[in-house]
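In case you want the letters, here they are:
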Amino acid sequence: MKTTHTPGPWTTWLGDPANYHFHNRRLIVPLMGESQAPIAQLPESVAGDYYQSEANARLIAAAPELLAALEALLLEKTVLGHLGIATEQARAAIAKAKQ
């Protein structure tokens, strides 16, 4: 049996201060699907650097799009011998990760 990841897209948000389990946590959550339970949690601050924690969360949240873009690039290169629309998918995924 093959295990698969939670389908994307994913996004990030700062946990609710009223919820003890998610207080001061940056959460990575799916935008669609049956459950919007967090996929991952990061401390709001990594070694006192809020911006680094936020950037890490964005990179993790971009994982489904990055995977899809890379798979599309390989498929286009194999089938067509050149790269087309997948190049734009890759650029969009990279932009999401780097916001």
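For the structure itself, consult the block above.
Residues numbered from 1 in each chain as written. Predicted model: local features only at pLDDT ≥ 70, side-chain atom pairs only at ≥ 80, totals over all residues. Heavy atoms only, no water.

Asks: Help me understand helix 1 (residues 50-61), please; the structure alone is not making it clear to me.
Replies: Since one α-helical turn is 3.6 residues long, residues separated by three or four positions face the same way. Across its twelve residues, helix 1 extends 17 Å between first and last C-alpha, which sits within 8% of the 16 Å expected from 1.5 Å per residue. Buried residues belonging to helix 1 abut strand 1 (10-14), strand 2 (25-30), strand 3 (40-43), helix 2 (63-80) and helix 3 (85-98). (Helix = DSSP H or I, 4+ residues; strand = E, 2+ residues; numbered from the N terminus. Expected span 1.5 Å × (residues − 1). Contact = heavy atoms within 4.5 Å.)

Asks: Mind showing me how you'd approach the sheet that holds strand 1 here?
Replies: Pairing between sheet strands relies on hydrogen bonds along the backbone, with the strands arranged either parallel or antiparallel. Overall, antiparallel pairing links the three strands, which are arranged 1-2-3 in an open sheet. Here the strands that pair on one side only, and so sit at the sheet edges, are strand 1 and strand 3. Strand-to-strand twist of the sheet, defined as the mean angle between neighbouring strand axes without regard to direction, takes the value 25 degrees. Of the pairings in the sheet, the one linking strand 1 to strand 2 comprises five bridges and is antiparallel in character. Note on strand 2: the bridge partner recorded for Thr11 is Val29. Sheet strands in contact with helix 1 are strand 1, strand 2 and strand 3, and its direction is about 15 degrees off that of strand 2. (Pairing = 2+ DSSP bridges. Axes fitted to C-alpha atoms, helices over the stretch in contact; angles between N-to-C directions.)

Asks: Would you explain the side chain of Arg58 in this entry?
Replies: Along the polypeptide, Arg58 turns up in helix 1. Looking at Arg58, the relative accessible area reads 16%, which means it is buried. If we ignore the near neighbours within four places in the chain, the residues touching Arg58 are Thr12, Lys96, Ala97, Lys98 and Gln99. (Buried < 20%, exposed > 50% of the residue type's maximum accessible area, 1.4 Å probe, protein only.)

Asks: Explain a nonpolar patch on the surface here, please?
Replies: A surface patch of nonpolar side chains, amounting to about 310 Å² of accessible area, comprises Leu75, Val79 and Leu80. One can find Val79 in helix 2. (Patch = residues over 30% accessible without salt bridge, like charges linked within 9 Å, V, L, I, M, F, W, Y side chains within 5 Å. Areas by Shrake-Rupley, 256 points an atom, 1.4 Å probe, with all protein chains shown as cover. Salt bridge = Lys/Arg side-chain N within 4 Å of Asp/Glu carboxyl O.)

Asks: Hey, could you run me through the nonpolar core in this one?
Replies: Nonpolar side chains tend to gather and get buried jointly when the protein is soluble and globular. Ala69, Ala72, Leu73, Ala86, Ala90 and Ala93 together form the largest nonpolar core, which totals six residues. Mapped onto this core, the elements with two or more residues apiece are helix 2 and helix 3. Residue contacts for Ala90: discarding those within four places in its chain leaves Ala69 and Leu73. In terms of nonpolar packing, the next biggest core, distinct from the first, is built from five residues, Trp10, Ile28, Ala57 and Ala61 among them. (Core = buried A, V, L, I, M, F, W, Y, C linked by side-chain atoms within 4.5 Å.)

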